[in-house]
Amino acid sequence: MESDFPPLKNDLLLRAARGEETERAPVWVMRQAGRYLPEFREVRAQHGFFEVCRTPALATEVTLQPIRRYAGLLDAAIIFSDILVVPQAMGMEVEMNPGPFFPAPLDTPADVARLRTHVDVQKELGYVFAAIAQTRRALEGAVPLIGFCGAPWTLFSYMVEGGGSRTYQKAKSWLFMYPEESKALLSLIADVCADFLVGQVKAGAQLLQVFDSWAGELAPHHFQEFALPPLQHIAASVRSKLEAEGIAPVPMTLFPKGTNSQLVLIAERGGYDVVGIDWCIEPAEARRQVGGLVALQGNMDPNVLYGGRAAVEREVKRMCESFKGGRAPKGWIANLGHGITPGVDPEDLRWFFECVHKYSKA
Ligand code: 1CP
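Residues numbered from 1 in each chain as written. Predicted model: local features only at pLDDT ≥ 70, side-chain atom pairs only at ≥ 80, totals over all residues.

(A) Quick peek at the overall build of the protein chain. A count of helices and strands for the protein chain gives 14 helices and 9 strands. Relative to the compact-globule value of 21 Å for 362 residues, the protein chain shows a C-alpha radius of gyration of 19 Å, a close match. Projected onto the principal axes, the alpha-carbon positions of the protein chain cover approximately 55 × 45 × 45 Å. Within the protein chain, the proportion of its 362 residues that are buried is 49%. (Helix = DSSP H or I, 4+ residues; strand = E, 2+ residues; numbered from the N terminus. Rg over C-alpha atoms; globule rule 2.2 N^0.38 Å. Buried ≥ 20, exposed ≤ 12 C-beta atoms within 10 Å, placed from the backbone.)

Right under this line is the structure:
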C-alpha cells in the first residue's frame, strides 16, 4: 500500500508528468543503472544479469547506485530489470551474453503454441514486484520510483528475431506474411504487459514507462496498424484495472523511439500522459505539435556525452531553451533521447545533470 512507504520528498517528476510547469525540469536518464558505472560492473562481475533482476536485494542495490552517486541531482529511480522478463514470463528462454539471445525464437505462428497464454504475473514476475517494494523502502522517499515494460512490437521483434537485429527482417516478415497471427501475438503480449504494469503499481511503482525502442523501424501506416493498438490497449487497460481495484492511477510515459512524424497521433490517441522523444525532432517543434495534450520527455543525443564538457553544456542549454521556448509550456522531463551507453564517463553524466539544473530553471 502506498501509505506503507516513506513520504515522497521530491515530486518534481510526478508534477511534470501530470503536465505541470515546474521550477526546473526533473531529470533522469534511461539505463541510468548500467555498465557505465564501475559500481554496477562490480556487481555484474559477481552475478549474472538475470540473477540481479531476480534477486530483490541486488536489484535494489543497483537501482540505488546512481541515486547515491548523483544525490541531489537525480529526480527519479527506475527499477533495475529488463524488458525481456516478459517473454521469459510467457515461457521463452532468454540469455544475456552480452546482448539478448533467445535459443528458440518464434519461427512461425505454430510456435506461439509453446507460449503460456494465461500468464500469472504474480507467479512469473513476483520477483520484480518484490524488488520494487524493497527499493521503495530503501529510497526513503528521496525520489519517485519508475516501473516499466517493453512495448508489444519491440518485444515481438525480440521474440521472433531471437535477439537484436539490424534489419528486423524476420519480425517484419511475420507482419506481412501472417498479419492476423501477428496481431494476435501482439495482443497476447499486451495483456501480459498490462497485468505486469498493474502489479508494479501495486508493489510501489509511482510512474510507468513503456519502451517501444524499435517503433521507428515501422512505416507510419504499419506502426498504426500493428504497434499502436496494443499500446493503446495497455494504457486503457492499466487505468481501468487500477480503478476497478480502487488504486489511484499513476502517470504513464510512452517512449516510441523514432516516430517523430506521428507525434500528434500518438499524443492524441495513445492514452499516455508523457511522450518520450528522441533527438531527431526539435523540442520546440515537438511542443508546438502536441500543444498541451501531453508532457514531453527527452531528448539529448546520448553521444553528446562523449563530446566533452563544453559540448554537453552547450547542448543542454540549447535543449532547455528549445523546450522552454515552445508555446504553452507544459510538463517537461529532461532525459536523453535514448539509453546511456557503456563508455560514458560517469563524471560527464554528473555534468549533464548539473547543466540541466542550471539551464532549465523557470
Ligand atoms: O550485462 C549487462 O549488464 C547488460 C546490460 C543491460 C542492462 C544494464 C541490459 C541488457 N539490460 C539492462 C537494464 C535495463 N534494460 C534497464 C534498467 C533500468 C535502467 O537503468 O534504465 C532498462 C529500462 C532496460 C530496457 C531495455 N532492455 C530496452 C529498452 C530501452 C532501450 O534502451 O531501448 C531494450 C531494447 C532492452 C533489451 C536489452 N537488454 C540488454 C541490452 C544490451 C539490450 C539491447 C540490445 C539491443 O540493442 O537489441
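(B) Expanded view of the packing of helix α4 (residues 56-69) against helix α6 (residues 121-139). Where α4 contacts α6, the axes come no closer than 8 Å and their chain directions differ by 45 degrees. Relative to α6, α4 is oriented oblique. Seen along the crossing, α4 lies across α6 with a hand that is right-handed. Only Y127, A130, A131, Q134, T135, A138 and L139 of α6 make contact with α4, whose side of the interface consists of P56, A59, T60, T63, L64 and I67. When grouped by side-chain class, the residues that make up the contact of α4 with α6 number 9 nonpolar, 4 polar and no charged. (Axes fitted to C-alpha atoms, helices over the stretch in contact; angles between N-to-C directions. Parallel < 35°, antiparallel > 145°, perpendicular 65-115°, else oblique. Left-handed = near helix turned anticlockwise from the far one by under 90°. Contact = placed C-beta atoms within 7 Å. Nonpolar A, V, L, I, M, F, W, Y, C, P; charged D, E, K, R; others polar.)

(C) Examining the confidence of the model for the protein chain more closely. For the protein chain, per-residue confidence averages 96 on the pLDDT scale, and 98% of positions sit at 70 or higher. Interface confidence in the predicted complex, given as ipTM, is 0.92; pTM for the same model is 0.97. (pLDDT = per-residue confidence, 0-100.)

(D) Quick peek at the pairing of strand β9 (residues 332-336). In terms of burial, β9 is largely enclosed, as 5 of its 5 residues are buried. The side-chain alternation of β9 yields two buried faces, one formed by W332, A334 and L336 and the other by I333 and N335.

(E) Molecular detail of helix α13 (residues 309-325). Here α13 contains 17 residues, and its C-alpha end-to-end distance of 24 Å stays within 8% of the 24 Å for a straight helix at 1.5 Å per residue. Buried residues along α13 sit in contact with α12 (283-290), β8 (295-300), β9 and α14 (346-359). (Expected span 1.5 Å × (residues − 1).)

(F) A look at the site of the ligand. As a matter of local geometry, the ligand sits amid 24 residues, with A33, G34, G164, S213 and G339 nearest to it. Here the shell around the ligand is composed, by residue class, of 12 nonpolar, 8 polar and 4 charged. (Near = placed C-beta within 6 Å.)

(G) Spatial organisation of the sheet that holds strand β6 (residues 252-256). On the basis of which strands lie adjacent, the open sheet formed by 7 strands has the order β1-β4-β5-β6-β7-β8-β9 and parallel pairing. Since the sheet does not close on itself, it has two edges, and those belong to β1 (77-78) and β9, each with one partner. Where strand β7 (residues 274-276) and β8 come together, 3 bridges link them in parallel fashion. By the bridge assignment for β8, G276 is matched with Q297. (Pairing = 2+ DSSP bridges.)

(H) Representation of α12 within the structure. For α12, the full list of buried residues reads P283, A286, R287 and V290. On an axial view of α12, the arc spanned by its buried residues comes to 95 degrees, and they lie on one face. Where α12 is buried, its residues meet α11 (263-269), β8 and α13. Of the residues one or two after α12, G291 is the one with positive phi, at around 55 degrees. (Arc of directions from axis to C-beta.)

(I) Seen up close, the pairing of β6. Where burial is concerned, most of β6 is hidden: 5 out of the 5 residues are buried. What you see with β6 is no split at all: M252, L254 and P256 on one side and T253 and F255 on the other are buried throughout. Direction of pairing for strand β5 (residues 207-212) relative to β6: parallel, over a ladder of 5 bridges. Bridge assignment links D212 to a residue of β6, and that residue is P256. Taking the sense of rotation as the criterion, the β-α-β connection linking β5, helix α10 (residues 220-244) and β6 turns out right-handed. Note: β6 against β7, 2 bridges, orientation parallel. In the sheet register, L254 faces β7, and the bridge partner there is V275. (Right-handed = clockwise from strand over helix to strand, strands pointing away.)

(J) Molecular detail of the environment of A33. Summarising the element assignment, A33 is placed in the loop between α1 (12-17) and α2 (38-46). Here A33 falls in the buried class, since 25 other C-beta atoms lie within 10 Å of it. Each C-alpha atom, one on A33 and one on Q65, is 6.8 Å from the other, the two residues being 32 residues apart in sequence. Sequence-distant contacts of A33, that is, excluding residues within four places in its chain, are made with F40, V62, T63, Q65, P66 and F80.

(K) Seen up close, the environment of G126. Inspection of the secondary structure assignment puts G126 in helix α6. Residue class for G126 comes out partly exposed when judged on the 15 C-beta atoms lying within 10 Å of it. Between the alpha carbons of G126 and I67 there is a distance of 24 Å; along the sequence they are 59 residues apart.

(L) The nonpolar core, seen in detail. Formed by 121 residues in total, the largest nonpolar core has its most connected members in I79, V86, I189, C193, L197, A205 and V275. Excluding residues within four positions of it along the chain, V86 makes contact with C149, G150, L155, I189, V192, C193 and F196. (Core = buried A, V, L, I, M, F, W, Y, C linked by C-beta atoms within 7 Å.)

(M) Local environment of the UniProt feature "domain: Uroporphyrinogen decarboxylase (URO-D)" (unreviewed entry) in the protein chain. Under the feature "domain: Uroporphyrinogen decarboxylase (URO-D)" (unreviewed entry), the UniProt entry names residues 26-35 and 146-162. Spanning residues 26-35, this segment combines 0% helix with 0% strand, and its end C-alpha atoms are found 23 Å apart. Between the end C-alpha atoms of residues 146-162 the distance is 27 Å, and the span holds 59% helix and 29% strand. (UniProt positions renumbered as here; feature names shortened; annotations may be inferred.)

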